[in-house]
Amino acid sequence: MNIENKTILITGANRGIGRALVEEALKRGAKRVYAATRQPFTHSDRRVTHLTLDVTNAAQIQDAVKKVEALDILINNAGVDLHEDLSERANLERHLAVNLFGTYGVSQAFLPLVARSQGAVVNVLSLAALASVPFTPAYSISKAAAFSLTQSLRAYWAARGVKVHAVMAGPVDTDMTRYLDIPKFSAESVARGILDGLEKGDEDIFPDPMSESIADGWRSGATKALERQLAAYMPQSEAKVTLSGDTNDWDSMRRLKAKGARMRKILTASVILALLFSITASAQNAEKTRRLEPLPRDLEIQLALSALPPHLRDNATVYILNPDKGFEVARKGTNGFHTFVARTGDDSFRGTWLLKEYRDDILYPISFDEAGAKTQMPVFFDAAAMQAKGIPSEELKKIIQERYKTSYYKAPERAGVSYMLSPILRTYVNPDANDSVATSNIPHVMYYAPNVSNDEMGGAMPTPEQFAYYMQHGRWPDTPYPFLILHGPHGYMVQFRGAEERDAITKQYEGMLARLCKIKEAWCLPH
């Protein structure tokens, strides 16, 4: 989600984080910023439009909707902390009215506009949503409730193409926290962290040093894994049909629930117990699933660069794998090409077969131009990061497949190229059908072909006999016609290089191939 040229609505925009978000959005090139406040508000930038909006006032919410023609990003920032204890019910009700029901009401009202743009909803919460702050309990309760709402909207609205983000901020230096004598972070730095997280696509955004310190543990923890597994039971295909218009979505979901048993089944005790057991087992086995032995740094860089043609190697960006974190930049390039060695690739997530374990022998150098680096490469990097955090392989496959299904990963914005010219490729042979692997020498080039079929481009998948030959010899019996893989928005047209070019590449990298063969027998090329 790039802020540039986007239309953004920010509630509670007159001060604190809200005001800082207005300024930061303008710095990042927002086309229009709707500043929603209860009090009069003016701004010198003509891109800013004021909306009078008390998030607890239904009439004002509807009036605001009428004044907004289009909306890409809704940021629910308005909130209240009265620093009250739980001695009076009215205090809790006031917090819930603003922090929970205000967020709900504004989100529901603006959903049709955000869905139309396939945009995002950002709910500014607090670390108090994860662990109650004892001296402000009503605030903590309301933020925890708002976080649960955020998770529910995230699952319900995925079928509409709407991303829903939670901001878990630490103490921020605003009027709301002026009575606290503790280290605080500036509203400006937190606003930057929020928009950075949004642009990176983080579901849960930790925008300051204090919150960031728990981010990795949260994202790889049992609670987050349970949220993903429960969300996976949402019948997205049915919901997408039912929720296609600008109708009341909760009424639509109730009608959907009445139609079939699938919605009823997701809340049965058996499913919940099974999921809890799965999460427990995942946590216990995390260390067993996370470790890949790193390649020698010089060898990994050479192997990554072998994916590219010679004239692109010197100025390409090169990444290496840190098994404990994911991919890291080894060398920053200038020509727009990015290259690395995949150890768990995008073909791991194809087909209906279970990804029962992470293999330590998958190895294939791959490179992307700028278009592919934005859309195709994140699949590899997300997989590596989640694998490093110990997410089990079957769970990882479900997450990636769900992201494909909900268009979390967008199609390339233009035609482009992915080079795979290396003399070695160790991965799945026909991942649409099974999990068989082979080591091969098939330098090739892939062109982005979103939503194109083999019939349309005059291609054909290899025959069973050709696959059998490939498994035995590590190459095709002849140069096959170009054919398509990953049908749909992320399709590629694959074109293999000729035998003469293949032999020349193999000779050039004899030393590299010998080193790989010594490290692992599976990486020795077939004869």
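All figures in this text were calculated on a predicted structure; none of them were measured in a lab.

Participant: Give a description of the overall build of the chain that names residues and reports values.
Facilitator: When you go through the chain residue by residue, the secondary structure sums to 22 helices and 17 strands. The buried share of the chain, reckoned over its 527 residues, is 53%. Intrachain contacts of the chain at a sequence separation of at least 6 include 68% that bridge at least 24 residues. When the accessible surface of the chain is totalled, it reaches about 24400 Å², and 52% of it is carbon and sulfur.

Participant: Just give me the short version of the nonpolar core, but keep the residues and values in it.
Facilitator: Soluble globular proteins: nonpolar side chains tend toward being buried together. Counting 45 residues, the largest nonpolar core has Phe 340, Tyr 364, Ile 366, Phe 368, Phe 380 and Leu 396 as its most contacted members. The residues contacting Leu 396, other than those within four sequence positions of it, are Phe 349, Tyr 358, Ala 383, Met 386 and Ile 391. Membership of the second largest hydrophobic core comes to 31 residues, among which are Ile 8, Val 22, Val 172 and Phe 185.

Participant: How would you sum up the side chain of Arg 343? Please name residues and give values.
Facilitator: As for its position among the elements, Arg 343 is in the loop between β10 (338–342) and β11 (364–368). No salt bridge is formed by the buried Arg 343. Its closest oppositely charged neighbour is Glu 300, at 6.2 Å. At 3.1 Å, the side chain of Arg 343 forms a polar contact with the backbone oxygen of Asp 360. In this structure the side chain of Arg 343 is engaged in a polar contact, spanning 3.2 Å, whose partner is the backbone oxygen of Ile 362. Apart from residues no more than four positions distant in its own chain, Arg 343 is found in contact with Leu 292, Glu 293, Leu 295, Leu 321, Arg 359, Asp 360, Ile 362, Leu 363 and Trp 523.

Participant: Which residues make up the environment of Gly 18, and what values go with them?
Facilitator: Assignment of secondary structure puts Gly 18 in helix α1 (residues 16–27). The exposure class of Gly 18 is buried, given its relative accessible area of 0%. C-alpha separation for the pair Gly 18 and Ala 191, spaced 173 residues apart in sequence, amounts to 8.0 Å. Apart from the residues within four sequence positions on either side, Gly 18 is in contact with Ile 10, Gly 12, Ala 13 and Asn 77.

Participant: Requested: an account of the sheet that holds strand β4 (residues 73–76), with residues and values cited.
Facilitator: Judged by pairing direction, the sheet is parallel, and its seven strands sit side by side in the order β3-β2-β1-β4-β5-β6-β7 without closing on themselves. What marks the edges here is a single partner per strand, and that holds for β3 (48–52) and β7 (204–205). Strand direction decides the pairing type here: β4 and strand β5 (residues 120–124), joined by four bridges, are parallel. Opposite Leu 74, over in β5, you have Val 121 as the bridge partner.

Participant: I'd love a proper account of helix α22 (residues 510–519), names of residues and values included.
Facilitator: What α22 keeps buried is the set Met 512, Leu 513 and Leu 516. The buried residues of α22 occupy an angular sector of 95° when projected down its axis, which confines them to one face.

Participant: Which residues make up empty space enclosed by the protein, and what values go with them?
Facilitator: Taken as a whole, this structure holds eight cavities of 30 Å³ or more when the rule is applied. Of the voids in this model, the largest cavity is the one considered here, and its volume is about 380 Å³. Together, 26 residues line the largest cavity, and Asp 347, Arg 350, Leu 425, Tyr 428 and Ile 485 are the ones closest to its centre. Contributing elements (two or more residues each) for the lining of the largest cavity: β11, β13 (425–428), β15 (444–448), α20 (464–473), β16 (483–485) and β17 (492–496). Across the lining of the largest cavity, the residue classes break down as 20 nonpolar, three polar and three charged. Estimates place the volume of the second largest cavity at around 90 Å³. Elements represented by at least two residues in the lining of the second largest cavity include exactly β8 (317–322), β9 (326–331) and α17 (377–388). By residue number, the principal contributor to the lining of the second largest cavity is α17, which donates four residues. The residue inventory of the lining of the second largest cavity, partitioned by class, reads seven nonpolar, four polar and two charged.

Participant: Hey, could you go over the packing of helix α3 (residues 89–116) against helix α4 (residues 137–157) for me, with residue numbers and the actual values?
Facilitator: The geometry of α3 relative to α4 is characterised by a closest axis approach of 8 Å and an angle of 20° between their N-to-C directions. Regarding the angle of α3 to α4, the classification is roughly parallel. For the pair α3 and α4, the crossing hand works out as right-handed. Contacts between α3 and α4 pair Asn 91, Leu 92, His 95, Leu 96, Asn 99, Leu 100, Thr 103, Tyr 104, Ser 107, Gln 108 and Leu 111 from the former with Ala 138, Tyr 139, Ile 141, Ser 142, Lys 143, Ala 145, Ala 146, Leu 149, Leu 153 and Trp 157 from the latter. Its residues assigned to classes, the contact of α3 with α4 comprises 13 nonpolar, seven polar and one charged.

Thresholds, definitions, all that
Each chain has its residues counted from 1, running along the sequence as written. Per-residue local features are limited, in this predicted model, to residues with pLDDT of at least 70; the limit for side-chain atom pairs, both in listing and counting, is 80 or more; totals at the level of whole chains, interfaces and linings are taken over all residues. Hydrogens and water molecules were not included; the side-chain quantities draw on all heavy atoms of the structure. Every helix listed is a DSSP run of H or I at least four residues long, and every strand listed is a run of E at least two residues long, numbered separately from the N terminus. Each residue gets one of three labels from its accessible area relative to the maximum for its type: buried under 20%, exposed over 50%, partly exposed in between, using a 1.4 Å probe on protein chains only. What makes two residues a contact is simply this: any of their non-hydrogen atoms within 4.5 Å. Every accessible area reported is derived by Shrake-Rupley at a probe size of 1.4 Å, with residue values counting cover from the shown protein chains alone. The term nonpolar core refers to a set of buried residues drawn from Ala, Val, Leu, Ile, Met, Phe, Trp, Tyr and Cys, joined through side-chain atoms within 4.5 Å. Neither His nor the chain ends is counted toward charge; the positive residues are Lys and Arg and the negative residues Asp and Glu. In the sections that follow, a salt bridge refers to a side-chain nitrogen of Lys or Arg positioned within 4 Å of a carboxyl oxygen of Asp or Glu. Identification of polar contacts relies on pairs of N or O atoms within 3.5 Å, with a donor-acceptor requirement for protein atoms, meaning one able to donate a hydrogen and the other able to accept it, and with residues adjacent in sequence counted only if both atoms are side-chain atoms. In this description, strands pair whenever DSSP reports at least two bridges between them. The directions from the helix axis to the C-beta atoms form the arc being described. With a 1 Å grid spanning the protein atoms alone, the term cavity applies to any set of points in which a 1.4 Å probe fits but cannot get out, the term pocket to an open set with protein on both sides within 12 Å along at least five of seven lines, and the term lining residue to any residue with an atom within 4 Å of a point. Grid points are joined across faces, edges and corners, and a volume is the space filled by probe spheres set on the points. Three categories are distinguished: nonpolar for Ala, Val, Leu, Ile, Met, Phe, Trp, Tyr, Cys and Pro, charged for Asp, Glu, Lys and Arg, and polar for the others, with Gly belonging to the last. Each axis is a line fitted through C-alpha atoms, taken for helices only over the stretch in contact, and angles between the N-to-C directions span 0 to 180 degrees. Should an angle fall under 35 degrees it is taken as roughly parallel, and over 145 as roughly antiparallel, whereas 65 to 115 is taken as roughly perpendicular and any remaining angle as oblique. Less than a right angle of anticlockwise turn of the near helix away from the far helix marks a crossing as left-handed, whereas a clockwise turn marks it as right-handed.

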